[in-house]
Amino acid sequence: MDLYEHQARELFKGYGIAVPDAAVVDHPREARHAAELLGGRVVVKAQVKTGGRGKAGGVKLAADPAAAEITARQILGMDIKGHTVRRVMLAQPVDIQDEFYVSYVLDRAAGTFLAIASAEGGMDIEEVAATRPEAVARIPVDPAEGVTEAKAAEIAAAAGLPPEAGDVLRRLWQVLVREDALLVEVNPLVRTVKGTVLALDGKVTIDDNAVFRQARWGETPDVPKAEGDPLEAAARARGLNYVKLDGEVGIIGNGAGLVMSTLDVVAGRGARPANFLDIGGGASAQVMADGLDVILSDPDVRAVLVNVFGGITACDAVAEGIVQALESVHLTKPLVVRLDGNNAARGRAVLDARAHPLVEQVTTMDGAAARAAQLATR
Ligand code: GDP
Ligand code: MN
């Protein structure tokens with residue numbers, strides 16, 4: 001779960017990282033009032049869970065409260081990369097001397113955390129990283145040791161940041177650890193003309209597995225409709241693990257391992273998976289029916305492969321689920337079913353008895369994948 005900038009700002013403040021004074025409003029008239037309280041001149045910033053707001057016109061300086069109202073009116077309702085701006089943050093402007101980039105991110109490939117820092121932060125950091133990677137320091141952080149004073153100094157020195165940034169680096173690490181974050185990013189971290197170091201923007205991604213104990217952030221009201229696949233959201237709402245891909249074979253299986261190998265076997269047979277859905281161990285008929293409903297709602301699907309190895313899940317329950325789904329879903333695409341393991345014979349008999357013209361059974365995984373690939377690519 002991503003936090004809004006203003007939530008990240010609150011967090012940073014709580015950990016002793018200096019941030020500009022700010023207020024969040026959802027109406028232009030409140031913007032005027034808030035600007036008055038903040039001293040008149042303010043930066044008006046769109047609150048959306050996406051980056052690149054500055055370049056999209058979602059970050060603007062307003063010279064006085066009247067201008068703040070006008071600017072807030074322009075930015076509120078704006079669409080930034082599919083996110084509608086519902087609130088703006090008004091922040092006291094600072095006079096920037098230097099813009100830096102600092103972040104901690106979980107590096108899954110390396111199995112560690114990574115500090116990424118650069119003395120050339122700001123809106124063009126992506127370009128800096130792409131064209132001059134040597135300007136961006138990437139330092140592994142051992143989570144058991146964390147960011148000590150020495151480690152912070154090492155990161156700051158590697159990136160060419162001033163020594164004062166070390167304090168922010170240590171505090172930011174605390175944010176990551178204590179808030180169960182997978183990512184904390186400050187861009188820009190600025191040094192003002194007066195020499196103070198401030199976090200001017202913040203991005204924090206809380207690990208979804210820890211959201212239950214980070215509940216104060218509540219639900220994410222902004223998760224925009226455009227974000228993610230709508231079917232993924234629908235599947236999540238029904239407690240199903242569904243992932244959208246870009247091929248043409250819909251895949252349902254039980255257990256991550258079997259589903260992953262089914263993807264490979266389908267690919268090996270010359271077709272591409274359109275999506276996959278893991279009905280898990282111990283899946284009931286209802287789960288199967290829900291899953292099939294989701295998979296068949298994907299317009300890219302040209303054929304569906306159901307590959308179930310009955311363990312805890314009994315194949316006859318899966319077959320019952322398919323039969324149940326056929327009652328509610330109007331099947332227009334071929335369905336290839338491979339049932340093996342616990343109660344496979346009974347499951348096959350259930351499907352044979354239903355005798356739907358679009359449902360075929362193949363007893364081997366490879367054979368079923370080949371058939372589904374053939375049906376999807378003909
Ligand atoms: P982003 O584009 O979504 O990353 O939004 P940021 O919050 O990072 O703002 C974009 C840019 O606006 C920053 O890189 C700064 O250059 C500029 N900016 C933001 N706040 C201030 C401020 O208080 N003073 C000045 N001079 N520039 C600011
Ligand atoms: Mn930024």
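Because the structure is a prediction, the values reported are computed rather than measured.

Novice: Can you walk me through the coordination of the manganese ion (ligand 2) in this structure?
Specialist: Ideal values for angles at a metal depend on the geometry: 109.5 degrees with four tetrahedral donors, 90 or 180 degrees with six octahedral donors. Note on the manganese ion (ligand 2): its protein donors are Asn-187 (O) and Asp-201 (OD). The metal-donor distances range over 2.2 Å. Taken together, the residues span a long stretch of sequence, with Asn-187 in strand β10 (residues 181-192) and Asp-201 in the loop between β11 (197-199) and β12 (203-206) at a distance of 14 residues.

Novice: Can you help me understand helix α12 (residues 365-377) in this one?
Specialist: Helical periodicity: at 3.6 residues per turn, an α-helix aligns residues three or four positions apart in one direction. Over its 13 residues, α12 extends 18 Å from the first C-alpha to the last, a length consistent with the 18 Å expected when each residue adds 1.5 Å. The set of residues buried in α12 consists of Met-365, Ala-368, Ala-369, Ala-372, Ala-373, Leu-375 and Ala-376. Axial view of α12: buried residues confined to an arc of 165°, hence all on one face. Check the buried side of α12 and you find it contacts β14 (249-253), α8 (256-268), β16 (303-310), β17 (335-341) and β18 (359-361).

Novice: Would you mind going over α8 with me for this structure?
Specialist: Under the 1.5 Å per step criterion, the end-to-end length of α8 is 18 Å for 13 residues, consistent within 8% with the ideal 18 Å. Buried residues of α8: Leu-258, Val-259, Thr-262, Leu-263 and Val-266, and no others. End-on view of α8: buried residues confined to an arc of 145°, all on one side of the axis. Among the exposed residues of α8, those oriented more than 90 degrees off its buried face are Asp-264 and Gly-268. Elements in contact with the buried residues of α8: β14, β15 (273-278), β16, β17 and α12. A positive phi of about 85° marks Gly-270, the residue just after α8.

Novice: Where do I start with the site of ligand 1 in this structure?
Specialist: Within the structure, ligand 1 sits among 16 residues, and Lys-45, Arg-53, Gly-54, Val-94 and Glu-99 are positioned closest to it. Between an oxygen atom of ligand 1 and a side-chain N or O atom of Lys-45, the distance comes to 2.6 Å. Here an oxygen atom of ligand 1 sits 2.6 Å away from a polar atom, N or O, in the side chain of Glu-99. In the complex, 81% of the free accessible area of ligand 1, which totals 560 Å², lies under the protein chains. For the shell around ligand 1, a count of residues per class yields eight nonpolar, four polar and four charged. Two domains each provide a minimum of three residues to the shell around ligand 1, namely domain 1 (21-91) and domain 2 (96-217).

Novice: Please explain the sheet that holds strand β1 (residues 22-25) as it appears in this structure.
Specialist: Strand pairing within a sheet occurs via backbone hydrogen bonds; the two strands may be parallel or antiparallel. The strand order across the open sheet built from four strands is β1-β6-β2-β3, with neighbouring strands paired in antiparallel fashion. The strands lining the two open edges of the sheet, one partner per strand, are β1 and β3 (59-62). Within the sheet, the average angular offset between the axes of one strand and its neighbour, ignoring direction, is 25°. Where strand β2 (residues 42-46) lies against β3, four bridges are found, and the strand directions are antiparallel. Bridge assignment links Val-42 to a residue of β3, and that residue is Ala-62. The strands touched by helix α1 (residues 5-14) are β1, β2 and β6 (88-91); relative to β6, the strand with the most contacts, the crossing angle is about 45°. Against the sheet, helix α3 (residues 65-75) makes contact with β2, β3 and β6, and its axis sits at roughly 165° relative to β3, the strand it touches most.

Novice: Before we go on, may I ask you to explain the pattern of salt bridges in this structure?
Specialist: When charged atoms on two side chains of opposite charge get close, those side chains can pair. For the coordinates displayed, the defined rule picks out 23 salt bridges. We note a salt bridge from Arg-53 to Asp-201, for which the minimum N-O separation is 2.9 Å. You can see Arg-53 sitting in the loop between β2 and β3 and its partner Asp-201 sitting in the loop between β11 and β12, a full 148 residues away along the chain. Here Asp-180 and Arg-213 are joined by a salt bridge, their closest N and O atoms 2.8 Å apart.

Calculation criteria
- Residues numbered from 1 in each chain as written.
- Chains lettered and ligands numbered in written order.
- Predicted model: local features only at pLDDT ≥ 70, side-chain atom pairs only at ≥ 80, totals over all residues.
- Heavy atoms only, no water.
- Donors = N, O, S within 2.8 Å, 3.2 Å for Na, K, Ca; no water.
- Helix = DSSP H or I, 4+ residues; strand = E, 2+ residues; numbered from the N terminus.
- Expected span 1.5 Å × (residues − 1).
- Buried < 20%, exposed > 50% of the residue type's maximum accessible area, 1.4 Å probe, protein only.
- Arc of directions from axis to C-beta.
- Contact = heavy atoms within 4.5 Å.
- Near = heavy atom within 4 Å.
- Polar contact = N/O pair within 3.5 Å; in protein donor to acceptor, adjacent residues only side chain to side chain.
- Areas by Shrake-Rupley, 256 points an atom, 1.4 Å probe, with all protein chains shown as cover.
- Nonpolar A, V, L, I, M, F, W, Y, C, P; charged D, E, K, R; others polar.
- Domains from an automatic or database assignment.
- Pairing = 2+ DSSP bridges.
- Axes fitted to C-alpha atoms, helices over the stretch in contact; angles between N-to-C directions.
- Salt bridge = Lys/Arg side-chain N within 4 Å of Asp/Glu carboxyl O.

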